[in-house]
Amino acid sequence: MKTIAVLTSGGDAPGMNAAIRAVVRTGCQNGMRVLGIRRGFNGLMNGDMYEMNLRSVSDIINRGGTILYSARSPEFKTDEGLNRALRVCKENSIDGIVIIGGDGSFRGARDLSLKGVPCIGIPGTIDNDIACCDYTIGYDTAMNTVMEMVDRIRDTTESHDRCSVVEVMGRRAGYIALNAGIAVGATSILIPEVEFDIDKDVIETMQKTQRTDKKHFIVMVAEGVSEKIGGVERLTKYIEEKTGVESRATILGHVQRGGSPSLRDRLVGSQMGNYAVHILMEGKGNRVVAMQKEQIMDFDIYEALNMTKSIDLGLYKTALEISI
Ligand code: ADP
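As the structure is a computational prediction, the values presented were derived from the model and not from experiment. (Residues numbered from 1 in each chain as written. Predicted model: local features only at pLDDT ≥ 70, side-chain atom pairs only at ≥ 80, totals over all residues. Heavy atoms only, no water.)

Caption draft 1: Quick look at the sheet that holds strand β2 (residues 33-37). Read from one edge to the other, the open sheet built from seven strands follows the order β3-β2-β1-β4-β5-β10-β11, with strand pairing classed as mixed. The outermost strands of the open sheet, each flanked by one partner alone, are β3 (49-52) and β11 (295-300). Across the sheet, the axes of successive neighbouring strands diverge by a mean angle of 25 degrees, strand direction being ignored. The pairing of strand β4 (residues 96-101) with strand β5 (residues 119-123) spans five bridges and is parallel. (Pairing = 2+ DSSP bridges. Helix = DSSP H or I, 4+ residues; strand = E, 2+ residues; numbered from the N terminus. Axes fitted to C-alpha atoms, helices over the stretch in contact; angles between N-to-C directions.)

Caption draft 2: Quick look at the site of the ligand. As a structural note, the neighbourhood of the ligand is formed by 15 residues, with Arg72, Ser73, Gly102, Gly104 and Ser105 the closest of them. Between the ligand and the protein, one listed contact pairs an oxygen atom with a backbone N or O atom of Asp103 at 3.4 Å. Gly104 places a polar main-chain atom, nitrogen or oxygen, 3.0 Å from an oxygen atom of the ligand. Within the complex, the protein chains bury 79% of what would otherwise be the 550 Å² of accessible surface of the ligand. (Near = heavy atom within 4 Å. Polar contact = N/O pair within 3.5 Å; in protein donor to acceptor, adjacent residues only side chain to side chain. Areas by Shrake-Rupley, 256 points an atom, 1.4 Å probe, with all protein chains shown as cover.)

Caption draft 3: Layout of the packing of helix α6 (residues 175-183) against helix α12 (residues 313-322). Relative orientation of the contacting elements α6 and α12 amounts to 35 degrees, with a least axis distance of 10 Å. Of the two elements, α6 crosses α12, and the hand of that crossing is left-handed. Here α6 contributes Leu178, Asn179 and Ile182 to the contact with α12, which in turn contributes Leu315, Tyr316 and Ala319. Of the residues that constitute the contact of α6 with α12, the class distribution is five nonpolar, one polar and no charged. (Left-handed = near helix turned anticlockwise from the far one by under 90°. Contact = heavy atoms within 4.5 Å. Nonpolar A, V, L, I, M, F, W, Y, C, P; charged D, E, K, R; others polar.)

Caption draft 4: Structural context of the nonpolar core. In this structure, Val6, Ile122 and Met220 are the most contacted members of the largest nonpolar core, which totals 58 residues. Sequence-distant contacts of Ile122, that is, excluding residues within four places in its chain, are made with Val23, Val98, Ile99, Ile100, Gly101, Phe106, Ile137, Met272, Gly273, Ala276 and Val289. Counting 31 residues, the second largest nonpolar core, distinct from the first, contains Phe106, Leu112, Val288 and Ile301. (Core = buried A, V, L, I, M, F, W, Y, C linked by side-chain atoms within 4.5 Å. Buried < 20%, exposed > 50% of the residue type's maximum accessible area, 1.4 Å probe, protein only.)

Function cannot be read off these values alone, since they describe shape.
What follows is the structure, encoded as structure tokens:
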């Protein structure tokens, strides 16, 4: 391994910079040339890259986003796009690439690996929706951001005896909604993994708590559920009609992706970046770095993409029992 490259792809996540920093520093410390590729697979296809050194990653560990920028690149999925990327790898003598992103980016990593460029994926996504990992980079910061934002919403919700319906990110996965929902004391939490009935799980729960004198409410809705039920605005109107409680909808949106990464995201990003370069040095490719039970490990990308994981239903039951 003489030259390695690093890129970030798909949705950005706080902590990606910590991973980039660890990749660059581990590479440099081990005598390698490290190239930073800008804007994910787009940059790879276009040869948009620069040589990085120990100092090019100074002062980034505390910054959200990604200094390498990220992008979605439909063209890369075509044979022509992949061949262009392979040509660029050859022209720049790239012996291996660390790809920080989600499932989609790992599919790209798999394609490149199969064509002879060893790639290692690092899970960077706030949704925590990577099956082989208990934990993905960005998840902790996003949950804490949601908690802080909803705490603010709660102040005004409480002052006006209102109900706030809050939509948080998570199209396929309800990890943010469930964990942050418990942390902010939500009355109801709706996530894609658990079947629900609005009348029973939201309206009746609110009415039950009204009888014990509760006057303000938080209803936490994962994005995937919101899409399914026609949006949180609609749910909010329905709650107001049925319960008589003045209700407001808030979609937290992209604020959840930003901000200075938490300690955990900086730490796990650093560990995974360091680990990724070491397995490249061992001659491995087509692997995803993962964290299970606090241990860093790696899996074959193909196997990782075929794994499934389920949300902690015990946690969901806890939420139900203490929400009233
Ligand atoms: P994420 O990596 O966060 O899941 P995307 O699904 O948008 O984000 O994927 C990021 C990029 O990875 C895509 O723009 C594309 O270039 C590449 N990619 C996604 N799916 C595939 C695929 N099936 N085969 C090859 N490359 C893919």
